[in-house]
Amino acid sequence: MTTWQATWKPPRPVHHNPAVVLDLESDVGEETLKKAFSKYGKVESVLRPENETFAFIYYQDKYDAEKATSSLDGEQLGGRNVRVRDGKKIFKEVSDWRSRLLQEKD
């Protein structure tokens, strides 16, 4: 006899930290990023700060985010090779942007 415990699969973890895309050309928009990153799973949202060379890609599934990060790192996007990293880490570009936002609020 098969029990529910034998067939139950735990839910996949939600990925609360975004993938960070660094070294973007200025003409690469959110739709272009969403199209490129959707090949690896369902993208919840894309945040591309204006006049910055980076973007945040939010996935529903942690494993999709990891797959996209490893697959697209070093690939060409918009005419430039981009770096794709886990969003849990702090990068100089992101840190500088956050500092400017905080200074604008003061």
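Keep in mind the model is a prediction, meaning the values are calculated, not measured.

All right, on to the sheet that holds strand S2 (residues 43–47) then. As summarised here, the arrangement of the four strands in space is S2-S3-S1-S6, forming an open sheet in which the pairing is antiparallel. Strand pairing shows two members of the sheet lacking a second neighbour, S2 and strand S6 (83–86), which therefore form its edges. Neighbour to neighbour, the strand axes of the sheet diverge by 20° on average, direction disregarded. In the packing of helix H3 (residues 62–72) onto the sheet, contacts are made with strand S1 (19–22), strand S3 (54–59) and S6, and the angle to S6 comes to roughly 150°. Across the sheet, helix H4 (residues 92–105) is in contact with S1, S2, S3 and S6; its angle to S3 comes to roughly 100°.

As a further point, take unusual backbone geometry. In this model, Asp 23 sits at a positive phi of 70°, which is unusual for a non-glycine residue. Looking at where Asp 23 falls in the secondary structure, it is placed in the loop between S1 and helix H2 (30–37). Taking relative accessible area as the criterion, Asp 23 reaches 24% and is therefore assigned partly exposed. The phi dihedral of Asn 51 falls on the positive side, at around 65°, and the residue is not glycine. Residue placement: Asn 51 occurs in the loop between S2 and S3.

Time to look at the packing of aromatic side chains. With the rule as written, the count across this model stands at three aromatic pairs. Considering the side-chain rings of Phe 56 and Trp 97, the 5.9 Å spacing of their centres and the 45° angle between planes classify their relative orientation as tilted. On the criterion of sequence distance, the pair formed by Phe 56 in strand S3 and Trp 97 in helix H4 is long-range, its members being 41 residues apart. For the pair formed by Phe 56 and Trp 97, the shared burial category is buried.

Turning our eyes to something else, we now look at empty space enclosed by the protein. Under the definition given, this model contains one cavity of 30 Å³ or more. Estimates place the volume of the largest cavity at around 30 Å³. Around the largest cavity, the lining residues are Ala 36, Phe 37, Leu 72, Glu 75, Gln 76, Leu 77 and Val 82. Mapped by element, the contributors of at least two residues to the lining of the largest cavity are H2 and strand S4 (76–77). Residue composition of the lining of the largest cavity, grouped by class: five nonpolar, one polar and one charged.

Turning our attention to H3. Of all the positions in H3, only Asp 64, Ala 65, Ala 68, Thr 69 and Leu 72 are classed as buried. Looking straight down H3, one finds its buried side chains confined to an arc of 135°; they lie on one side. Here the buried face of H3 lies against S1, H2, S3 and S6. Residue Asp 61 occupies the N-cap position of H3, its side-chain oxygen lying 2.7 Å from the main-chain nitrogen of Tyr 63.

Cut-off values and rules
- Position numbers for residues count from 1 along each chain, tracking the sequence in the order it is written.
- Selection of residues for local features in this predicted model requires a pLDDT of at least 70, selection of side-chain atom pairs for listing and counting requires 80 or more, and totals for whole chains, interfaces and linings are taken over all residues.
- With hydrogens and water set aside, each side-chain value is computed from the structure's full complement of heavy atoms.
- At least two DSSP bridges between two strands are needed for those strands to be called paired.
- To qualify as a helix, a DSSP run of H or I must reach at least 4 residues; to qualify as a strand, a run of E must reach at least 2; elements of each kind are numbered from the N terminus.
- Orientation is described by axes fitted as lines to C-alpha atoms, over the contacting stretch for helices, and by angles from 0 to 180 degrees between their N-to-C directions.
- When checking whether two residues touch, look at their non-hydrogen atoms; a contact exists if any pair is within 4.5 Å.
- The classification of residues rests on relative accessible area computed with a 1.4 Å probe and restricted to protein chains. Under 20% of the type maximum is buried, over 50% is exposed, and intermediate values are partly exposed.
- Here the aromatic set is Phe, Tyr and Trp, taking the six-membered ring for Trp, and pairing holds for ring centres within 6.5 Å; pairs whose planes are under 30 degrees apart are stacked, those over 60 apart are edge-to-face, and all others are tilted.
- Points on a 1 Å grid, built from protein atoms alone, make a cavity when a 1.4 Å probe fits but cannot get out and make a pocket when they are open with protein on both sides within 12 Å along at least 5 of 7 lines; residues with an atom within 4 Å of a point are the lining residues.
- Grid points are joined across faces, edges and corners, and a volume is the space filled by probe spheres set on the points.
- The residue classification treats Ala, Val, Leu, Ile, Met, Phe, Trp, Tyr, Cys and Pro as nonpolar and Asp, Glu, Lys and Arg as charged. All others, Gly included, are polar.
- Each C-beta atom gives one direction from the helix axis, and the arc is the one those directions make.
- Between N or O atoms, a polar contact is any pair within 3.5 Å; within protein, one atom must be a potential hydrogen donor and the other a potential acceptor, and residues adjacent in sequence are included only when both atoms are from side chains.

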